[in-house]
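Take a look at the letters that make up each chain.
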Amino acid sequence: MTPMTTTNDDDKSLWPPITHETKPWAYWWWMGSAVDEANLTRELTRYRDAGMGGVHIIPIYGAKGFEKRFVSYLSPRWLALLKYTLTEAERLGLGIDMSVGCGWCLGGPNVRDEDANQSLVIRPDGSLTSKPSGQKVKRAGLGGEGWMVNPASEGAMRRFMERFTRAFSGWKGPLPRAIYQDSYEYNNDWAPELLVAFEKKHGYKLQDHVDAFKGTDEKAKRILADYREIHSDLMVEKAQPVWIAWGKRRGMISRYEAHGAPGNLLDLYALADIPETEMFHDDRSILVSKFASSAAHVTGKKLASAETGTWLKEHFTETLGNLKVLVDEMFLSGINHIFWHGTIYSPDEAPWPGWVFYASTQMNPRNPIWRHAKALHDYISRCQSFLQAGEPGSDVLLYWPYHDLLHSQKGRIEKLTVHQRGWLEKQTLGPLAQQLLDRGWQFDFVSDRMLAKKLPERYKAVVVPTTVHFPPETLTRLKKLRIPVFFVDTLPSDVPGFGKLPERRAQLEASKHGLRPTPRTELEAALTQAGAKRESLAELGLSVVRRIREGNTVRFVVNPTDKTVVLPSATGRYLNPLTGGEGGRELPPNASVIYTPFAKPPSPRSFLATPSGFAKGVDLIGWEVAFLEGGPALPPPFSCEKLSSWTEQGPEYEAFSGTARYTSVFEAKPGRYVLDLGKVCESARVRLNGEELGTVILAPFTLELSVSKPSGNVLEIEVASLAANRIREMDRRGVAWQTFYDINFVNLAYKHFDASQWPLTPCGLLGPVSLYSL
């Protein structure tokens, strides 16, 4: 699909073009695939109008009461609905991606027992066999139920994809942009091809050393390391390329969440056209997410995506401000293609809150935060217009000592998840990577396989953390590079695995000739000497990711601290991606700017972060409050002198979630002002005398405005709340809205969701609202 350019109201001289790919996309669950043409068009149009660029179709379990509408996955009717969706999306300027199968992981009714994900079995006689591990497709929809396929077996994967070959045989019409595989939640430690591949690579038979699976001595550790490596190799070299190649032959690219796999994540991510990471609730690690972006950067892929908003907070309590902070963390990880997790198809006839998915920020038109979601979507689009342009600005490669990890794992095999991060943080790589990140160095992780291929020329050095088990062939490759290699503190002392030990140890010792380690205390000076550039803004507590565009450096800068930071003067321009205009040098907590050298510097001005330092102007009192949108019903309008939560107006206001407009008429001397809204629950769109000023989604809730007349100035502040109080009231009354099959709808602890005991959530404009003269 050719990127579709859209127009916006920004100063177009400041920003790269906005396309459907620079806009945020979203996971789009089809419950029971009970979709119809009229509702599909309505939903897609709403996404387009809210500033989204595309959606990702995932068929899952259905909603109770709608069983007659369920459509079996890959049936003729399902394929017709897919074609309609693709055609409508193209008309609306949206992109479409699609999961390979229902729910997750890959699998379905055509997966035979022998092709299912497998558990290794050691027979009484010491021979090796396997049995299905018991993992079936999670959250599958009608027609998608069955075993998860063996992710390490090329044969199993090929037989699994035959179903899709039959379904799409003779397909005419548009296709999805990309096909997709979700994060690794298989239970698998075996493949029919493993024994042959093991002997071919390692030069000995695994079945002759079955006792290693119960041993703890050095020999057992080495044999198990070889076993773990070959399991990874089968995924990387044989099995996972099957589904990716299937799509590519038909003109579809691939998105792949490799995390969770018991294998080399860098190499697995690198298989895809778009490697994808995720952060889950409090399991948020920039370093873990950098594995996906590093795979893209090192192998020359334009996009690195992120599943974004997965259970960010408890349901119906996430704010647009919370999501902005999360998105910034993704950008700092090197991600430049945001996917909300997510939205969901819901027919208009389904009662509020409509169909909802349990592991999701409810980024859908029924959630009150949707009212101002376009402001956040526009922010993402502006940021990604820069972050997708040019090439990455990372200039250091940080080697992943993967073989040390294989030697240190417990049990047969360990999954490398975003939740339990000891595989990174407890290895020598983790602390060193964190140090470099905190100090402002721009780096990508690199694997042994990546080092065997041509590297982008922008890299100035390779850093090898303290490593014990090092493949001699990798050391030979490093010595041939045109850039310096820095071994931190010590040189590698041994080779990995058990096969051909004397021969490989001799190779390693020979390759080490002439090398010397670099003390960790001298590493940064060595990197500077090599030509790598550290971002000095890190010394102010700021976080930076950079891109190189037309030979110039563009920086995305975030203030993750709890204090306002003044940026240094610059020869270029600071841009505010929240507004689409100029930014300034005063950066409050959680604020972000883009520095670009492509425009002349503006005249000095504030970022309008906080009103401190400005002369006090006018305190606004006297408000008329009217309710515009939401439910269960629109409460009556009211007047107030002093602002407070609208829930304090009485019982019918307590249950309301939605949008209210606050209007005040004020007098002020003509001139320039900062408008400080005080406390806002949770986002606000502001107009003065009918003129749009902007939308604010996180504190400090401030805007700049011009007053042109001394009296009769009409200020309108449209405030959108959370959905929490409406859900609370429904649960207090026992309304049956959680009516879904499978897991139904659960809370963060995977228990029954019940908001009936929640305290009331403050809603509306709490103020105080003040004008500060410039």
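First things first, this report covers the structure right here in the doc. Predicted, not measured: the structure shown is a model, and the values here were computed from it.

1. A word on the overall build of the chain
- A count of helices and strands for the chain gives 18 helices and 38 strands.
- For 774 residues, the compact-globule estimate of 2.2 N^0.38 gives 28 Å, and the C-alpha radius of gyration of the chain, at 28 Å, lies within 12% of that figure.
- For the chain, the spread of C-alpha atoms along the principal axes amounts to about 90 × 65 × 50 Å.
- A burial count over the chain gives 61% of its 774 residues as buried.
- With an accessible surface of roughly 29200 Å², the chain has 51% of that area assigned to carbon and sulfur atoms.
- Taking the average location of the 92 positive side-chain charges in the chain and that of its 88 negative ones, the two points are 4 Å from each other.

2. Some remarks on the nonpolar core
- Counting 204 residues, the largest nonpolar core has Phe291, Trp355, Tyr358, Trp400, Leu527 and Phe556 as the members making the most contacts within it.
- If one sorts the elements of this core by residue count, helix α5 (residues 218–249) sits on top with 13 residues.
- Ranked by size, the runner-up nonpolar core spans 33 residues in total, among them Leu643, Tyr673, Leu703 and Leu705.

3. Here's the deal with the pairing of strand β26 (residues 592–596)
- Of all the five residues making up β26, five are buried; the element is thus mostly covered by neighbouring parts of the structure.
- Neither face of β26 is left uncovered, since the one carrying Ser592, Ile594 and Thr596 and the one carrying Val593 and Tyr595 both have all their residues buried.
- Of the pairings in the sheet, the one linking strand β21 (residues 552–558) to β26 comprises four bridges and is antiparallel in character. In the strand pairing of β26, Val558 is matched with Ser592.
- The pairing of strand β23 (residues 573–576) with β26 spans three bridges and is classified as antiparallel. For Tyr574, the partnering residue across the bridge sits in β26 and is Tyr595.

4. Observations regarding the packing of aromatic side chains
- Under the defined criterion, the tally for this structure stands at 54 aromatic pairs.
- Arranged with centres 5.0 Å apart and planes meeting at 75 degrees, the rings of Trp311 and Tyr750 form a pair that is edge-to-face. Remark: Tyr750 occurs in the loop between α18 (724–732) and β37 (764–767) and Trp311 occurs in the loop between β13 (305–310) and α8 (320–332); sequence separation between them is 439 residues.
- In this structure Trp311 comes out as buried when scored by relative accessible area, which is 0%.
- A relative accessible area of 44% means that Tyr750 is categorised as partly exposed.
- One Lys or Arg, Lys83, reaches over the ring of Trp171 and ends 4.7 Å from the middle of that ring.
- One cation-aromatic arrangement involves Arg255 over Phe339; the distance from NZ or CZ to the ring centre is 3.7 Å.

5. Regarding the packing of α8 against helix α9 (residues 373–387)
- Interaxial distance between α8 and α9 falls to 10 Å at its minimum, and their mutual angle equals 10 degrees. Judged on the interaxial angle alone, α9 and α8 are roughly parallel. The segment α8 lies against α9, with Leu320, Leu323, Lys324, Val327, Asp328 and Phe331 engaging Ala373, Leu376, Tyr379, Ile380, Cys383, Gln384 and Leu387.
- For the contact of α8 with α9, the class distribution of residues is 10 nonpolar, one polar and two charged.

6. Let's talk about the sheet that holds strand β36 (residues 713–720)
- The antiparallel open sheet is built from six strands, whose spatial order is β29-β28-β30-β36-β33-β34. Pairing within the sheet leaves two strands with one partner each, and these edge strands are β29 (638–640) and β34 (691–696). Taking the axes of each pair of neighbouring strands and ignoring which way they run, one obtains an average angle of 20 degrees across the sheet.
- Relative to β34, strand β33 (residues 683–688) runs antiparallel, the two being bridged by five bridges. Pairing of Leu688 across the sheet is with Glu691, part of β34.

What counts, and at which threshold
Residues numbered from 1 in each chain as written. Predicted model: local features only at pLDDT ≥ 70, side-chain atom pairs only at ≥ 80, totals over all residues. Heavy atoms only, no water. Helix = DSSP H or I, 4+ residues; strand = E, 2+ residues; numbered from the N terminus. Rg over C-alpha atoms; globule rule 2.2 N^0.38 Å. Buried < 20%, exposed > 50% of the residue type's maximum accessible area, 1.4 Å probe, protein only. Areas by Shrake-Rupley, 256 points an atom, 1.4 Å probe, with all protein chains shown as cover. Lys, Arg positive; Asp, Glu negative; His and termini not counted. Charge placed at Lys NZ, Arg CZ, Asp CG, Glu CD. Core = buried A, V, L, I, M, F, W, Y, C linked by side-chain atoms within 4.5 Å. Pairing = 2+ DSSP bridges. Phe/Tyr/Trp six-rings, centres within 6.5 Å; stacked < 30°, edge-to-face > 60°. Lys NZ or Arg CZ within 6 Å of the ring centre and 35° of its normal. Axes fitted to C-alpha atoms, helices over the stretch in contact; angles between N-to-C directions. Parallel < 35°, antiparallel > 145°, perpendicular 65-115°, else oblique. Contact = heavy atoms within 4.5 Å. Nonpolar A, V, L, I, M, F, W, Y, C, P; charged D, E, K, R; others polar.

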